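# Analysis of the macromolecular model
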Amino acid sequence: MAAALLLSGTRRLHAVLVRWNPFVNLPLSNGSFSSLPDGRISTATAASAFPFLNCRRRKKLRKKMKSPRVVPIQKDAGLIIPALESIVLRDSFLRFITRTKCYLSRLPCHRIPLADADKLYRELGFSRGRKVSRFAAKHPLLLHMPRLPPDSKPYLAFTPLMDSLLDEELKIMDDMEAARVTTVRKLLMLSAGRRIPLDKLHLCRLLFGLPYDFRDRIRKYPEYFRVAVDPSDGRNVLELVEWDPVLAVSALERDFVPDEARVRRTFKFPIRHGKALPLEEDDKWMLESVTTLPLVSPYSDGSALQPWTVEAEKYQVGVIHEFLSLTLEKRASIHHIVEFKEEFNLTKLIYHMLLKQSRAFYLAGTEMNWAVFLKDAYRKDGTLIEKDPQVLFNEKLQSYALSDSEYREQKVEQRIAR
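Counting starts from 1 at the beginning of each chain's written sequence and moves along it residue by residue. In keeping with the model being predicted, local features are shown solely for residues with a pLDDT of at least 70 and side-chain atom pairs are shown and tallied solely at 80 or more, while totals for entire chains, interfaces and linings include all residues. The basis for the side-chain values is all heavy atoms of the structure; hydrogens and waters are excluded.

## What about empty space enclosed by the protein?
- Space inside and on the surface of the protein is sampled on a 1 Å grid over the protein atoms alone, with a cavity defined as a set of points where a 1.4 Å probe fits but cannot get out and a pocket as an open set with protein on both sides within 12 Å along at least 5 of 7 lines; lining residues have an atom within 4 Å of a point. Grid points are joined across faces, edges and corners, and a volume is the space filled by probe spheres set on the points. Inspection of every chain in the model, using the stated rule, returns four cavities of 30 Å³ or more.
- Estimates place the volume of the largest cavity at around 120 Å³.
- If you go around the largest cavity, the residues you meet are Met173, Glu177, Arg180, Val181, Val184, Leu210, Pro211, Phe214, Arg217, Ile218, Tyr221 and Phe225.
- When residues of the lining of the largest cavity are assigned to their parent elements, the largest contribution, four residues, is made by helix α10 (residues 177-190).
- Here the nonpolar group is Ala, Val, Leu, Ile, Met, Phe, Trp, Tyr, Cys and Pro; Asp, Glu, Lys and Arg are the charged ones; every other residue, Gly included, is treated as polar. Considering only residue class, the lining of the largest cavity consists of nine nonpolar, no polar and three charged. Secondary structure elements are defined from DSSP: runs of H or I of at least 4 residues count as helices, runs of E of at least 2 residues count as strands, and each element is numbered from the N terminus.

Laid out in structure tokens, this is it:
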């Protein structure tokens, strides 16, 4: 009897934790909300369950809470922005549908045998050791598993709705081709030697809205780009043909004329002074202006700067700011930024450098996988101020991927029953 009561109490506790999970309702980019079928809870909520667990489960939970997979990258609780944190969590849930769309769209008839799909956990973005059918069932509007005669083997394929969305995305990429060419030109102007390996651009193509066949499309612009072979490693690199001084203007430099005060407040490079030094607000503003400006242009030659100097730090911060301003959603994963470490002359202290610039950047996610946001590009509710047509399409795709609320509610009820 006592064991039954204890089991019942544990189930009620689990139901309360799931109900009060702050990451259950995630805001989308368009302002709507959606519940995810996820049992993850915050560190504080998990810690509150310690008195109800035995020693073994307590030790296991404490070890899990210290893992880089769950420890937040933002250490100061007062600086946490839940709207931006939820975007990172939403992207992790949609990783399967994003990678599956990219992979199946390149296959004939947009389908693959289900037995073969179970082996492609990296390409399709699902957990290793799990069945792909379990993840495909979460998105019935976009994916289905038909049986095609005569062998009647199940396939993983796109629905007619998904095929129509792919045609719509292809039209958007054709219409935005000129803008994407300008983005790639600016990236090459940012890089050292005005060259970037093609495989790096291909890896980060979704950040900038580049189509999968952009390596073939750039050959239509010989006046801007040239494809060469790097003799050191044999990789194909994309080189800039001609420098354009009109494009060599950063987003901060464009905003400096209409809103000088905001640009002055964007970054902070404080100098050390005695605590007893009496400084009024105007004096502090003047002191910060002197130490912050002039900023080093990200389109200048950063290799000529001495490492570990204030000028080098200003240059690296400016490069990351300009890099993020060229992305579609004004944010990027740290893995994508580190991918261009050599081209942008970045050091190993990127995290500490970005952490000091809390006015301009926001770090969201966990220690293992975190993203950098441009704070000025987002409203308080986590929506982008300016949206590219590709971003609007991504929001439509996300709304279809997260629209099956009945499935999510059923999964939550099953977890509570267990």
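## Examining the packing of α10 against helix α17 (residues 310-326)
- Every axis in this analysis is a line fitted to C-alpha atoms, fitted for helices over the stretch in contact. Angles between the N-to-C directions lie between 0 and 180 degrees. Closest axis-to-axis distance for the α10/α17 pair is 11 Å, and the angle between their directions is 170°. Between α10 and α17, the interaxial angle falls into the category roughly antiparallel. Within the contact between the two elements, α10 uses Thr183, Lys186, Leu187 and Leu190 and α17 uses Tyr315, Glu322, Phe323 and Leu326.
- Looking at the contact of α10 with α17 residue by residue, the classes come out as five nonpolar, one polar and two charged. Oblique is the label for any angle not covered by the other classes, which are roughly parallel (under 35 degrees), roughly antiparallel (over 145) and roughly perpendicular (65 to 115). By definition, residues are in contact when any of their heavy atoms lie within 4.5 Å.

## Concerning the sheet that holds strand β9 (residues 236-240)
- Two strands pair if DSSP finds at least two bridges between them. Spatial ordering of the open sheet is given by β7-β9-β8, a layout of three strands whose pairing is antiparallel. Taken across any chain shown, the strands that pair with only one partner, and hence form the sheet edges, are β7 (195-197) and β8 (225-229). Strand-to-strand, the axes of this sheet are offset by a mean angle of 30°, without reference to chain direction.
- Taken together, the five bridges between β8 and β9 define a ladder with antiparallel strand orientation. Within the sheet, the bridge partner assigned to Phe225 lies in β9 and is Leu240.

## Points about helix α4 (residues 82-93)
- Each helix should span, by expectation, one fewer than its residue count multiplied by 1.5 Å. Across its 12 residues, α4 extends 16 Å between first and last C-alpha, which sits within 8% of the 16 Å expected from 1.5 Å per residue.
- Among the residues of α4, those classed as buried are Ala83, Leu84, Glu85, Ser86, Ile87, Val88, Leu89, Arg90 and Phe93. When accessible area is computed with a 1.4 Å probe and restricted to protein chains, residues below 20% of their type maximum are described as buried, those above 50% as exposed, and intermediate ones as partly exposed.

## Details of the environment of Met145
- If you trace the backbone, Met145 turns up in the loop between β4 (143-144) and β5 (147-148).
- Looking at Met145, the relative accessible area reads 33%, which means it is partly exposed.
- Put simply, Met145 and Ala157 are 12 residues apart on the chain and 6.1 Å apart in space, counted from C-alpha to C-alpha.
- Among residues more than four places away in sequence, those in contact with Met145 are Leu114, Ser133, Ala136, Tyr155 and Leu156.

## A word on the packing of aromatic side chains
- Any Phe, Tyr or Trp ring, taking Trp's six-membered ring, that has another such ring centre within 6.5 Å forms a pair; planes under 30 degrees apart are called stacked, those over 60 apart edge-to-face, and the others tilted. Scanning the model with the defined rule gives 11 aromatic pairs in all.
- Aromatic pair Tyr224 and Phe225: ring centres 6.2 Å apart, planes at 70°, arrangement edge-to-face.
- On the basis of relative accessible area, Tyr224 is assigned to the partly exposed category, the value being 27%.
- Ring plane angle 55° and centroid distance 5.6 Å describe the contact between Phe323 and Phe340, whose orientation is recorded as tilted. Residue Phe323 is found in helix α17, and its partner Phe340 is found in the loop between α18 (334-339) and α19 (350-356); the two are separated by 17 residues along the sequence.
- For Phe340, a relative accessible area of 0% corresponds to the buried category.

## Regarding the layout of surface pockets
- Of the voids in this model, the second largest pocket is the one considered here, and its volume is about 720 Å³.
- Taken together, 29 residues make up the lining of the second largest pocket; nearest its centre are Ala251, Arg254, Ser325, Lys330 and Glu386.
- Of all elements in the fold, only α10, α14 (251-256), α15 (260-266) and α17 reach the threshold of two or more residues within the lining of the second largest pocket.
- Class assignment of the residues belonging to the lining of the second largest pocket gives a composition of 12 nonpolar, five polar and 12 charged.

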